Amino acid sequence: MFRLGHISDVHLPAVPQPRLRELISKRIIGYANWHQNRRGAMTTGSLELLTADLQAAEPNHIAVTGDLTNLALRDEFENARLWLEALGPPAMVTAIPGNHDAYVPRAHHRYRRLWAPWMSNDSQAEFVGPAIFPFMRRKDGVALIGLSSAVASAPFMATGRIGRRQTERLEKLLAEAGEEGLFRVILIHHPPKLIDPRRTLRRLTDGHRLRRAVARHGAELILHGHDHIRSVTAVRGPKGAIPVIGVPAGSSGPAAGPKSGGYALHDIDDRGSAWRLTVRHRCFDEKGRVQEALSLNFDVRKP
Ligand SMILES: [Fe+2]
Ligand SMILES: [Fe+2]
């Protein structure tokens, strides 16, 4: 049995005082917004409780699906690297970026360099260059495929895009991992299909590319963040539905309902002709304790 932990949207709160020059951009709106809405709700204490609970579950691996920062400032990327180091070594943790990590054009140079060890192929263990997407890592019968939907967008928008070239490489990786008989997990920040129509300005604009690729080549599980809410949906695969699981913001505190901070555990059990997948969301209850909020089983047929 392979246990995969999934945490997302940690939006690390240690926002340093930005230099004025760094604020002259979309960041001015983001900075005001963060001060107004997020400062109180997203505390380091909540994130520490969640990660302690996650570590206590002894996952074989942890996936982090983007939005590690708020404004894509240089100091935030460095803070996020320290957080990744504390979460686990690159062999145990895989990360991808979110739209906040690409808040302004050119920010991607920073995470592609600073977070590269957590965003690389297995063959790049001695990593020297910047991260390239998609990448694939093989772990005990599981293939983790990391996509980037992180692009800088106009003010008040938080859309994502994977593009044609990334999709072409994704198709090759899905086919390759499928032939090897691996349980294929796609990591992407934005949900592949719009869940809440009110979030159209925050959607994956070329979600059709991803949906078409998995409909053709298959995948066993898709994990995402971005919506800051726990969700269970599905997209079409060649042999039936593919589960799509979203987690709430990793640094949200206790709240009523599915927006309460949390993370997910995925137990992948190879039973010969099929896999048994058990998905558990663990979230804060009203008293601030981390509890199981949802548990689902899926019998996933082998390709
Ligand atoms: Fe987020
Ligand atoms: Fe996001």
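Just above, that's the structure.
The rules behind each value
Residues numbered from 1 in each chain as written. Chains lettered and ligands numbered in written order. Predicted model: local features only at pLDDT ≥ 70, side-chain atom pairs only at ≥ 80, totals over all residues. Helix = DSSP H or I, 4+ residues; strand = E, 2+ residues; numbered from the N terminus. Buried ≥ 20, exposed ≤ 12 C-beta atoms within 10 Å, placed from the backbone. Pairing = 2+ DSSP bridges. Axes fitted to C-alpha atoms, helices over the stretch in contact; angles between N-to-C directions.

A. Expanded view of the environment of Asn121. With respect to the helices, strands and loops of the structure, Asn121 is situated in the loop between helix H5 (108–114) and strand S4 (135–139). Residue classification places Asn121 among the partly exposed residues on the basis of 16 C-beta atoms within 10 Å. Sequence separation between Asn121 and Met136 is 15 residues; the distance between their C-alpha atoms is 5.2 Å.

B. Here's a closer look at the sheet that holds strand S7 (residues 221–224). If you walk across this open sheet you meet the 6 strands as S4-S5-S6-S7-S9-S8, and the pairing is mixed. Both edges of this open sheet fall to S4 and strand S8 (231–237), since each of them pairs with a single strand only. With strand direction ignored, the average angle separating the axes of adjacent strands in the sheet is 25°. Two elements, strand S6 (residues 183–187) and S7, share 3 bridges in a ladder whose sense is parallel. Residue pairing in the sheet places Ile186 in a bridge with Ile222 of S7.

C. A look at the sheet that holds strand S1 (residues 2–7). Here we have 6 strands laid out as an open sheet, ordered S3-S2-S1-S10-S11-S12, and mixed in their pairing. Two strands close off the open sheet at either side, each with one partner strand: strand S3 (93–96) and strand S12 (290–301). Adjacent strand axes in the sheet meet at a mean angle of 20°, parallel and antiparallel pairs treated alike.

Keep in mind that these numbers describe shape and distance, not what the molecule does.
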